[in-house]
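One letter stands for each residue in the lines below.
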Number of protein chains: 2
Amino acid sequence: MKIASEDDILGLLSRFFPVEHPALLLGRGDDCAVLKSQGPVAVTTDIFAEDTHFRRRYFTPFDIGFKSLAVNVSDVGASGASPSGLSVGLTLTGNEDEAWISDFCEGMKAVCDKYALALSGGDLTRSSLLNICVTAWGTLPDALPRGLRRGVAKEGDIIFLAGSVGLARLGLTLLESAETPEDVRQVKADWPKACAAHLRPEALAFDGMALARFAVEHDAGDRMGLMDVSDGLARDLPRLLASRITGFGADISLAENALHPEILRHAEKTGADAPAFAFEGGEDYALAGTCPEKLWPSLSRALKAPTLVLGQVKKGEITLNGKKPVSPGFDHFSR
Amino acid sequence: MKIASEDDILGLLSRFFPVEHPALLLGRGDDCAVLKSQGPVAVTTDIFAEDTHFRRRYFTPFDIGFKSLAVNVSDVGASGASPSGLSVGLTLTGNEDEAWISDFCEGMKAVCDKYALALSGGDLTRSSLLNICVTAWGTLPDALPRGLRRGVAKEGDIIFLAGSVGLARLGLTLLESAETPEDVRQVKADWPKACAAHLRPEALAFDGMALARFAVEHDAGDRMGLMDVSDGLARDLPRLLASRITGFGADISLAENALHPEILRHAEKTGADAPAFAFEGGEDYALAGTCPEKLWPSLSRALKAPTLVLGQVKKGEITLNGKKPVSPGFDHFSR
């Protein structure tokens, strides 16, 4: 069915996202929605833009809806907050029909359902490229009023990873090289985990929340660092350690057997250095954190995602498996 | 100066918007910012997109920054909340230099300063057209947990307008017809108030807050309707009255002497019906409200903006000066 008006689209959205929600005092349909405020509110915004963050050639509408929200939920979880709602600025091109928008909503709803998120509202407009700008929020324990943050590490702290890295970069690389619909199908069939990691990343928000509870129980909020690895470890670890200010680095170990078999299979084909490939790859939405060495055994047991000790904080540069990594990661504005 | 990296842009933003702010427990620079929660939080999102909502031909970067935020603050104020912060999803084209971004920031800062808003963070990306997606929030009194809303009117209620309508539509009409930079300068010189209304609309948030205080003092929150007139009275009044559900309408009176002289001057030149032009015009960000007749005298004194009684709620259609208005207003997706 063709879409004839904004009301058609809003009507469609209402089929997927209830107007009333326990997290809201007032739902969609007015100038503002009103959130129940139950403690400090962690808030984040991420844009998901066509031909910058995704291509329609290989992203289904479901994938677009899913990932545009998942990347935000990842940020909320990485602050230790319990995700509770979102507002969405949706720029469509006017060529999306009812089936497209429904599939998009299904993708967004899959993430909403996992965390019981409220869609509080948003805005709808039309332009030449799709642009989905989500602002998501969650609540923090009163005892952790600033959440789990970057830049709190001290020398000797453990640097850990929850989740895995490298798969999303592999998915992106392979899907970008797939030109025809048949190529895309083949890549998705041959490299299912890599493609899934790029198209539908799983935010590790429950693990972030578990770390927040752990921090409160151990009164360790100011000594536990956390962030999501959205731009790749090469770019994000210096942020986690606040290296520019602290001068901290680490000798990072990332063994081949810590990487997904699809990464190893691809590295074998191309001759790439698999750990370096994974270290530089972004968009995995794993969690990287720091904690005092003595907390690590109990802290690691609090996490559901597979964990890995990457190294320990020390003065100096960041090296990978004994070599200095070279790629600075991705920057939208560098030339 | 050319912009070489995201960090250049973030550095620029920090010159205009302090990272720490009394409304924030944690400022920009982490996965999430954290808001102090001091009562129910009203939240809204509005997209401001190039060639859909504005054109660079006649919007300065200052105007773009100003209006992208003002339209959101208007929504917060129209719910009766006190605006306190924003998050911005900023899609640039990569051709904006330091002067452009600074001017944009100045425009946004002008609105921030008026309400002491915190810029809690956001996201930055690059695409072929500018797209500024702002999510803004404010706090409501505990005694008004759902804010001031639409659809609460009863028969006989006063329908009022705070602020004026029609000027922004006139500004848009004239600026759209100005093709060269010289034309634009001439239009801005000849029609200063109309252009200002379109380029830098003033949100009436202090008036919205005054109405919220009035509602609390008079225990009248459930009987006072309020919304901002962003899409024009013709389209917004049925929303204010929830006409589709209630069957309410009104015989609206809008006299020529209630309109700005520039509107009358333009109507005289073109032979247009000035009140109909103003009634159908959008983007003025005036406030339209409803209240019981007996509250009106004291309520009108609570407002700083000029006010006008438009009519009284009754069963039936909405008419304007004895005639049925015809235009349905603007819809991005209608063809």
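To be clear, the structure that these remarks concern was listed above.
Please read all numbers here as calculations on a predicted model, not as lab measurements.

Asker: I'm lost on the overall build of chain A in this one. Help?
Answerer: A count of helices and strands for chain A gives twelve helices and twelve strands. In chain A, buried positions account for 56% of the 335 residues. At a minimum sequence separation of 6, the contacts of chain A that also span at least 24 residues come to 85%.

Asker: Got a minute to help me understand the interface of chain A and chain B in this structure?
Answerer: How big an interface is tends to be stated in terms of accessible area lost as the parts join. The interface is formed by 61 residues belonging to chain A together with 61 residues belonging to chain B. Broken down by element, the side of chain A that touches chain B gets its largest block of residues, eight residues, from strand β3 (residues 41-49) of chain A. When grouped by side-chain class, the residues that make up the side of chain A that touches chain B number 26 nonpolar, 22 polar and 13 charged. Sheet topology places β3 of chain A next to strand β2 (residues 33-35) of chain B; three bridges connect them, and they run antiparallel. Across the sheet, the residue bridging to valine 41 of chain A is leucine 35 of chain B, located in β2 of chain B.

Asker: Sorry, what's going on with the packing of helix α2 (residues 61-78) of chain B against helix α3 (residues 98-115) of chain B here?
Answerer: All names here are of chain B. The interhelical angle for the contact between α2 and α3, taken along N-to-C directions, is 35°, at an axis separation of 6 Å. For the crossing formed where α2 meets α3, the hand is right-handed. For the pair formed by α2 and α3, the contact residues are Pro61, Phe62, Asp63, Ile64, Gly65, Phe66, Leu69, Ala70 and Val73 on the first element and Trp100, Asp103, Phe104, Cys105, Glu106, Gly107, Met108, Ala110, Val111 and Tyr115 on the second. Each residue belonging to the contact of α2 with α3 can be placed in one class, and the counts come to 14 nonpolar, two polar and three charged.

Asker: Got a minute to help me understand the pairing of strand β9 (residues 248-252) of chain A in this structure?
Answerer: Residues in a regular strand project their side chains so that they alternate between the two faces of the sheet. Residues and elements named next belong to chain A. Only one face of β9 is covered, namely the face carrying Phe248, Ala250 and Ile252; the face carrying Gly249 and Asp251 is uncovered. In the sheet, β9 pairs with strand β11 (residues 307-315) via three bridges, with the strands oriented antiparallel. Paired with phenylalanine 248 across the two strands is lysine 315, which belongs to β11. One ladder, built from three bridges, connects β9 with strand β12 (residues 318-320); its direction is parallel. Counted as the bridge partner of isoleucine 252 is leucine 320 from β12.

Asker: How do you make sense of the relation of the copies chain A and chain B when you look at a structure like this?
Answerer: Relating the two copies of this chain is a rotation about some axis coupled with a shift parallel to it. Each copy superposes on the other: chain A lies on chain B with an RMSD of 0.0 Å after a rotation of 180° and an axial shift of 0.0 Å. One copy is carried onto the other by what is essentially a two-fold rotation axis. Of the interface residues in chain A, 100% have counterparts in chain B that sit at the interface too, so the contact is made through matching surfaces.

Conventions and cut-offs
Residues numbered from 1 in each chain as written. Chains lettered and ligands numbered in written order. Predicted model: local features only at pLDDT ≥ 70, side-chain atom pairs only at ≥ 80, totals over all residues. Helix = DSSP H or I, 4+ residues; strand = E, 2+ residues; numbered from the N terminus. Buried ≥ 20, exposed ≤ 12 C-beta atoms within 10 Å, placed from the backbone. Contact = placed C-beta atoms within 7 Å. Nonpolar A, V, L, I, M, F, W, Y, C, P; charged D, E, K, R; others polar. Pairing = 2+ DSSP bridges. Axes fitted to C-alpha atoms, helices over the stretch in contact; angles between N-to-C directions. Left-handed = near helix turned anticlockwise from the far one by under 90°. Least-squares fit on C-alpha atoms with pLDDT ≥ 70 in both.

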